[in-house]
Amino acid sequence: MKEIKCSDNDGKRKQIMAVHDAMDVLNGKWKISIISSVCYHNKRRFSDILNDVKGISNKMLSKELKELEMNQLITRIVLDTQPVTVQYQLTEYGLTLKKIIDTLADWGTEHRKVIVGK
């Protein structure tokens, strides 16, 4: 395995703090999966995300979407339909996570090959 070298201790602390800050926003079991669902499908309705993210409850999805909206990663779009339709979409800021989501997907595919052989 390739060794990653960091510069000075102050730089290391700043990097660790930056990772900590990112994890504060993306923490929990569901947020990355929710972001992935919306990212890969552009716009998603609540029920679509619920189907994509296996095991999440309505209440938890609602809570997580509100937190992602509060952190300006997802926007909630209310359509003037009968009945009212709500869609979720990544904000421009949220789209900055696409590279990370793609990298996680690639790593997950490789990890599955290493562990399961598929």
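Each value, and the rule that gives it
Within every chain, residues take consecutive numbers counted from 1 along the sequence as written. Restriction of local features to residues with pLDDT of at least 70 applies here, the model being predicted, together with a cutoff of 80 or more for giving and counting side-chain atom pairs; totals for whole chains, interfaces and linings are based on all residues. By convention in this description, side-chain values take in all heavy atoms of the structure and omit both hydrogens and water. Each reported salt bridge corresponds to a side-chain nitrogen of Lys or Arg within 4 Å of a carboxyl oxygen of Asp or Glu. Every helix listed is a DSSP run of H or I at least four residues long, and every strand listed is a run of E at least two residues long, numbered separately from the N terminus. Under the scheme applied here, a residue whose accessible area is under 20% of the maximum for its type counts as buried, over 50% as exposed, and between as partly exposed, the area being computed with a 1.4 Å probe on protein chains only.

Under an unreviewed UniProt entry, the name given to the protein chain is Transcriptional regulator, and the organism recorded is Chryseobacterium shandongense.

J.: Help me understand the pattern of salt bridges in this model?
T.: Once their charged atoms are close, side chains differing in charge can pair, the charge on each being opposite to the other. This structure, assessed with the given rule, holds seven salt bridges. For Lys31, the salt bridge identified is with Glu64, shortest N-O distance 2.9 Å. On the criterion of sequence distance, the pair formed by Lys31 in helix α2 (residues 31–41) and Glu64 in helix α4 (residues 58–70) is long-range, its members being 33 residues apart. Assigned by exposure class, Lys31 and Glu64 land together as buried. Residue Lys63 pairs with Glu67 through a salt bridge whose shortest N-O separation is 2.9 Å. Taken together, the residues Lys63 and Glu67, both in helix α4 and four residues apart, mark about one turn of the helix. By relative accessible area, which is 40% here, Lys63 ends up partly exposed. Connected through shared salt-bridge partners, Lys31, Lys63, Glu64 and Glu67 make up one network.

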